[in-house]
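This is what each chain is made of:
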Amino acid sequence: MALLNLDAHPGARTSPERGADIISGWSIEVMPRTAAKIEDFRALLPADTLVYVAHIAGTPIEDMVATARRLHEEGFAVMPHVPARAIADAAMLEEWIKRYRDEAGVTRALLLGGGNAAPVGRFDSSLQLIETGLFDRHGFTHLHVAGHPEGNRDIDQGGGTVNVDSALAFKQDYAARTDAQMAIVTQFAFETAAVTAWAERIADLGITMPIHAGIAGPAKLQTLIQFALACGVGPSVSVLQKRARDLTKLLTPYEPTEVVAGFVDYKARHPDSLISQLHMFPLGGIKTAAEWMNRQTLPQAKAGFA
């Protein structure tokens, strides 16, 4: 398997250190049921890797807390998802927050609307979770929120970006008023330009929170298309659909080589971009994703910037 070839991107030499930095601190997402299949994450992930624990609808909070505790004990920074539509009320939210802090040593959270079709209680957005003030009250230091470079029709049902832009503006204001370290984690996309154009647009709107750009990990093409459609990935999914029409590529697993190289190139040419690092969605498996990303990090920096 070829490592990323930064020599193919002349602009990357503009600021090589900043270009390489975007992949040196990558993060990854796991679920309790998939994490349980990994004997020891220390054999797969660099020390201090930020690991998000996805809260899929129906997952007991006990499983979430146990997974967070295990990852914390293995030496990783842990950031569980907190899905608004799965939380009945402020008392339930506070219970979750206290359990993560007290039982798992967690003081980070990714705040989301969540995958429930309808809210189980009073919350239906991450904005409402923030407004409770509970994360600040209980000493959470890092709060991340979702970003949608290709839009989100659950939020802007008629298309466009009015509601998602307004939500980001609120979160930016909160970040400015509190000590919480906030960042935006994006949905995965299959074209770098879809994310970089969005990053430039929200920067023009006054957003200063750093962006962790989502990438899809290596996976079978058909599996990836199914995930992309289910997750509401926008126009960039056409990259996969075009590839699927080429029978010579249909059975070849997808790897995010071009997307990652594009981000490295872009960051080298735009060192002040809000895009600060990459976040891996391990759609083809945690082990496969982690091993692929590990192969890119140090060898790439040496190959591209010798």
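Everything that follows concerns the structure shown earlier in this document.
Within any chain, residue numbers begin from 1 and follow the written order of that chain's sequence. Whole-chain, interface and lining totals are the exception, using all residues; otherwise, since this is a predicted model, local features are given only for residues with pLDDT of at least 70 and side-chain atom pairs are given and counted only at 80 or more. Note: side-chain values were computed over all heavy atoms of the structure, leaving out hydrogens and water.

Draft legend 1. Inspection of the overall build of the protein chain at higher detail. Each helix and strand in the protein chain was counted, giving 13 helices and eight strands. Burial classification: accessible surface area is computed with a 1.4 Å probe over protein chains only, and a residue below 20% of its type maximum counts as buried, one above 50% as exposed, and the rest as partly exposed. When the 306 residues of the protein chain are sorted by exposure, 50% land in the buried category. Note on areas: Shrake-Rupley, 1.4 Å probe, and residue coverage restricted to the protein chains presented here. Of the roughly 13900 Å² of accessible surface on the protein chain, 51% is carried by carbon and sulfur atoms. The helix and strand labels rest on DSSP assignments: H or I over at least four residues marks a helix, E over at least two residues marks a strand, and numbering proceeds from the N terminus.

Draft legend 2. The sheet that holds strand S8 (residues 275-281), seen in detail. Pairing is parallel around the closed barrel formed by eight strands, whose spatial order is S1-S2-S3-S4-S5-S6-S7-S8. Averaged over all pairs of adjacent strands, the angle between strand axes in this sheet comes to 30°, irrespective of strand direction. Sheet topology places strand S6 (residues 181-186) next to strand S7 (residues 211-216); two bridges connect them, and they run parallel. Considered in S7, the bridge of Val-185 is made with His-212. The contact criterion used throughout is that any non-hydrogen atoms of two residues lie within 4.5 Å. Only C-alpha atoms enter the line fits that serve as axes; for helices the fit covers just the stretch in contact. Angles between N-to-C directions range over 0 to 180 degrees. Along the sheet face, helix H12 (residues 257-269) touches S7 and S8 and points at about 170° away from the line of S8. Pairing between two strands requires that DSSP report at least two bridges joining them.

Draft legend 3. Representation of the pattern of salt bridges. Within this document, salt bridges are pairs made up of a side-chain nitrogen of Lys or Arg and a carboxyl oxygen of Asp or Glu, the two lying within 4 Å of each other. All told, the structure shown has nine salt bridges when counted by the stated rule. Here Asp-173 and Arg-177 are joined by a salt bridge, their closest N and O atoms 2.8 Å apart. Here Arg-177 and Asp-173 lie together in helix H7 (residues 162-177), a separation of four residues that amounts to about one turn. Owing to a relative accessible area of 39%, Asp-173 belongs among the partly exposed residues under this scheme. Classification of Arg-177 by relative accessible area gives exposed; the value is 53%. Ionic contacts of the salt-bridge type, sharing partners, join the residues Glu-62, Arg-99 and Glu-103 into one network.

Draft legend 4. Layout of the packing of helix H8 (residues 192-204) against H12. The interhelical angle for the contact between H8 and H12, taken along N-to-C directions, is 35°, at an axis separation of 9 Å. Between H8 and H12, the residues in contact are Thr-192, Val-195, Thr-196 and Glu-200 and Glu-258, Val-259, Gly-262, Phe-263 and Tyr-266, respectively. Grouping the constituent residues of the contact of H8 with H12 by class yields four nonpolar, three polar and two charged. Each residue gets one label: Ala, Val, Leu, Ile, Met, Phe, Trp, Tyr, Cys and Pro are nonpolar, Asp, Glu, Lys and Arg are charged, and the others, such as Gly, are polar.

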